[in-house]
Amino acid sequence: MRFLPPAFNILALSGLLTSFALSADTPPATSPIPAPATSPAPAKPKSKDYVDTLGEGLQPTRSITYKTIGDRQLQLHIFEPASFKTTDKRTCYITIHGGGWVGMTPARMFPFADHFAKLGMVGISVQYRLYNAKTQTTVFDCVKDARTAVRYVRAHAADLGIDPTKIIVSGGSAGGHLAAATAFFDGVNETGEDTSVSCKPNALILLFPVIDTSTEGYGNAKVGKDWQTISPAHQVTPGAPPTLVFHGTGDTVTPFKGAKAFHEAMLKAGNRCELDINEGGAHGYLMRTQPLYDDTQTKTEVFLRSLGLL
């Protein structure tokens, strides 16, 4: 039989065992072992919205150059309807992508061009130069490209199978600004361009547009000191094309009050302008889900029918 050493007794052994048991479940009070270093979680890719999914796999019937700047060729991406012939005189739906004048591509608006091509129009998505301070490409250059694109379409209407008196221009966000630019900003044109060909469309469809370039709107720092020259809300004149504007009251990018001011200025000038308000809608709301997108297209079709353009 084994005996404990004299220094130990049963009570001491019991305390020792209890201490061991506690140490197995309880972290030490001081000098913890550092947790292994971990890499930061990878950034989540931007989730696709409904318009992104609609655009997957869409390709234009053809693409043509409408303008050459240096060694850069700018393209019109054309969606032609079924049974189309170049001898036709179709209504034309031109659409311009957004992205703050600095991003995105014409493919963003392919679903819109395709939608109206399926309704019998010629749909066109426009490529334009993007703002770049390093290359001294300005928002004014973006405006010039949009105006050139419409002039090109109208001047080549016979070759494109388009009725030059039935041209609709649309765009989202900064693209909405460039769409409006084709109706206003008469003093902003490419040097040497034939301005005898009008770039004013027969109707405007503006989707959550950059409509006010003041400090209370969007893009003032990019546009610069001459912002008022290309601010649609500050350039409304009588004789503007009939216009349908879609805007959300929750838009903090292109604030709703700019769209409201533009609408009121259009009505005051005697122009037809309809403002479709989405209560609480954030910037780009109508691109996100099928119900919102479908609602926008249905209302656009009703508007265009009222003008004899569809």
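Quick summary incoming for the structure in this document. The numbering scheme is per chain: residues are counted from 1 as the chain's sequence reads. Whole-chain, interface and lining totals are the exception, using all residues; otherwise, since this is a predicted model, local features are given only for residues with pLDDT of at least 70 and side-chain atom pairs are given and counted only at 80 or more. Side-chain calculation: all heavy atoms of the structure are included, whereas hydrogens and water are not.

### Things to note about the pattern of salt bridges
Inference 1: Think of a salt bridge as a Lys or Arg side-chain nitrogen and an Asp or Glu carboxyl oxygen that are within 4 Å of each other. Applying the stated rule across the entire model yields 20 salt bridges.
Inference 2: Lys-118 is the partner of Asp-114 in a salt bridge, and the nearest nitrogen-oxygen pair spans 3.1 Å.

### What to know about the nonpolar core
Inference 1: For the purposes of this section, nonpolar cores are sets of buried Ala, Val, Leu, Ile, Met, Phe, Trp, Tyr and Cys residues that join through side-chain atoms within 4.5 Å. Note on exposure labels: buried denotes an accessible area under 20% of the residue type's maximum, exposed denotes more than 50%, and partly exposed covers the range between, all computed with a 1.4 Å probe on protein chains only. Ranked by internal contacts, the top residues of the largest apolar core, which has 54 residues, are Leu-76, Ile-94, Ile-124, Val-153, Ile-162, Phe-184 and Phe-262.
Inference 2: Secondary structure elements follow DSSP: runs of H or I of four or more residues count as helices, runs of E of two or more count as strands, with numbering from the N terminus. Sorting elements by how many residues they give to this core places helix α4 (residues 139–155) first, with nine residues.
Inference 3: Sequence-distant contacts of Phe-184, that is, excluding residues within four places in its chain, are made with Arg-147, Leu-204, Gln-235, Val-236, Thr-237, Ala-240, Phe-262 and Met-266.
Inference 4: Ranked by size, the runner-up nonpolar core spans 21 residues in total, among them Ala-203, Phe-246, Tyr-285 and Phe-303. It only takes one pair of heavy atoms within 4.5 Å for two residues to be counted as in contact.

### Description of the sheet that holds strand β3 (residues 90–96)
Paired through backbone hydrogen bonds, the strands of a sheet run either parallel or antiparallel to each other.
Inference 1: Two strands are counted as paired when DSSP detects at least two bridges linking them. Across the sheet, which stays open at both edges, the eight strands sit in the order β1-β2-β4-β3-β5-β6-β7-β8 with mixed pairing between neighbours. Unpaired on one side and paired on the other, β1 (62–69) and β8 (273–278) mark the two borders of the sheet. Recorded for the sheet is a direction-independent mean angle of 20° between the axes of neighbouring strands.
Inference 2: Judged from the four bridges that link them, strand β2 (residues 72–79) and strand β4 (residues 122–126) form a sheet pairing that is antiparallel. The convention used is that axes are lines fitted to C-alpha atoms, helices contributing only their stretch in contact, and that angles between N-to-C directions extend from 0 to 180 degrees.

### Details of the packing of aromatic side chains
In this description, an aromatic ring pair is defined by two values, namely the gap between the centres and the angle between the planes.
Inference 1: Only the six-membered ring of Trp is used, alongside the rings of Phe and Tyr, when aromatic pairs are assigned; centres must lie within 6.5 Å, and planes under 30 degrees apart are stacked while those over 60 apart are edge-to-face, with the rest tilted. Inspection of the entire model under this criterion finds six aromatic pairs.
Inference 2: Centre to centre, the rings of Phe-79 and Phe-110 are 5.1 Å apart; their planes meet at 65°, and the pair counts as edge-to-face. Of the two residues, Phe-79 sits in strand β2 while Phe-110 sits in helix α3 (residues 110–117), which places them 31 residues apart along the sequence. Accessibility assignment for this pair places Phe-79 and Phe-110 in one class, buried.
Inference 3: Through a chain of ring-to-ring contacts, the aromatic side chains of Tyr-50, Phe-112 and Tyr-293 assemble into a single cluster.

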